[in-house]
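Listed below are the residues making up each chain.
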Amino acid sequence: MNLTELNKVAVAMVTPGKGILAADESSGTIKKRFDAIKVESTEENRRDYREMLFRSSEAMRKYISGVILYDETIWQNAKDGTPLVKLIEQSGAIPGIKVDEGTQALPQCPGELVTVGLDKLAERLKKYYERGARFAKWRAVIDIGQGTGGPGTGGPGIPSMTAIGVNAHALARYAALCQAAQIVPIVEPEVLMDGDHDIDRCYEVTQRVLNKTFQELRVQRVELEGMVLKPNMAISGKKCAKQASVAEVAEKTVRMLKACVPAAVPGIAFLSGGQSDEEATAHLDAMNKIGGLPWRLTFSYGRALQAAPQKAWSGKSENVAAGQRAFAHRAHMNGLASKGAWEQGLEKKAA
């Protein structure tokens, strides 16, 4: 393992003014997105859509530092035969790959999940590196219980220490395998924002998850300078009657990260986790306006970068330019937010 090279890639991934495009939707997820815009989810349509994004030269060159790909996409070629990975490299962005294989029910923990995919990961990483991937992503999913029952019944006992522990352990093992393969791991422990919990409950659970994750990373001897963290923000559940303000989300998220994330980590690239496009941008901007942080804060958004271009494109080749304009606008807004330079008025200007 060459830590200097890993650190170089990790630092480039969190370049101020740029962030990561999460284009790693599973076949099931992208089908839902395509159903919403009445486009059939064929391999060709998925390829055309992603090619549109990767050929958006303004967005890719100015505001995107890296792209997380799905297994199907990393092996695909553009219409003219150019590998999609090459399009990303030519724009100056770094290709990455999602390597987890989704979730399974966690035994003895009703309602909780564990992420799988460690078997044969070492061999898969070698192939991905040869194809051009220089970073990877693994997502752990932690739910906050909604009900009123005790532990293991979907109530306040969720998340259990079991679920937090096994997911943190898997994240750390994945990260160690990545670094051994000279690939920067994005470590993504996501506490879901589904549910009616308030921001303080999210803060408390996320703090436990992050502390356990970094404990496991140390046990697995992961070099913190050669990774990027992809956490959720401290935020109210979607069904919570009282939604926290932008200022409160920013203040509590920064406080939580300062308490949990070592300064050795080069950067933190947030997931949007179901926030609206503008919310995700406003929250990131407010955190960067606080300033004085030991790590860089940027974005690793999927839906919050893609919903607008998907709608503008709607599967029609004549709409490619409109889709690229919509993508460039969202990427630009988030690029500004990663420097604390976004203003809501800029959203009103034409994309």
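Placed above this text is the structure.
Residues numbered from 1 in each chain as written. Predicted model: local features only at pLDDT ≥ 70, side-chain atom pairs only at ≥ 80, totals over all residues. Heavy atoms only, no water.

Colleague: What is the right way to look at unusual backbone geometry in this model?
Modeller: Across residues other than glycine, the phi torsion is negative in most instances, and most of the peptide bonds are trans. Phi at Lys38 is positive, roughly 60°, even though this residue is not glycine. Position of Lys38 relative to the elements: it lies in the loop between helix H2 (27-36) and helix H3 (43-54). Owing to a relative accessible area of 77%, Lys38 belongs among the exposed residues under this scheme. The phi dihedral of Ser314 falls on the positive side, at around 50°, and the residue is not glycine. If you trace the backbone, Ser314 turns up in the loop between helix H12 (303-313) and helix H13 (320-337). (Helix = DSSP H or I, 4+ residues; strand = E, 2+ residues; numbered from the N terminus. Buried < 20%, exposed > 50% of the residue type's maximum accessible area, 1.4 Å probe, protein only.)

Colleague: Please explain the pattern of salt bridges as it appears in this structure.
Modeller: Note on pairing: side chains with opposite charge can pair once their charged atoms come close. Applying the stated criterion to the full structure yields 26 salt bridges. Of the charged contacts in the structure, one is a salt bridge between Arg55 and Glu51, with a shortest N-O distance of 2.8 Å. Between Glu188 and Arg139 there is a salt bridge, with its nearest N and O atoms 4.0 Å apart. Placement of Glu188 in strand S7 (residues 184-191) and of Arg139 in strand S6 (residues 135-142) is noted, with a sequence separation of 49 residues between them. (Salt bridge = Lys/Arg side-chain N within 4 Å of Asp/Glu carboxyl O.)

Colleague: Could you clarify how one ought to interpret the environment of Met227 in this entry?
Modeller: The topology assignment puts Met227 in the loop between helix H9 (199-219) and strand S8 (228-229). Among the residues examined, Met227 registers a relative accessible area of 0% and is labelled buried. Spatially, the C-alpha atoms of Met227 and Ile186 are 6.0 Å apart, while their sequence positions differ by 41 residues. For Met227, the contacting residues outside a window of four places in its chain are Ala10, Gln179, Val184, Pro185, Val187, Phe214, Leu217, Val265 and Pro266. (Contact = heavy atoms within 4.5 Å.)

Colleague: How should I be thinking about the nonpolar core in this particular structure?
Modeller: Side chains of a nonpolar character, in soluble globular proteins, are inclined to be buried together. Membership of the largest hydrophobic core comes to 99 residues, with the highest contact counts inside it found for Phe54, Ile64 and Tyr174. Leave out the neighbours within four places in its chain, and Phe54 touches Leu21, Ala23, Met60, Val67, Leu69, Thr73, Leu84, Leu87 and Ile88. Ile142, Ile164, Val205 and Val209 belong to the second largest nonpolar core, which has six residues in total. (Core = buried A, V, L, I, M, F, W, Y, C linked by side-chain atoms within 4.5 Å.)

Any link to function would need more than the numbers given here.
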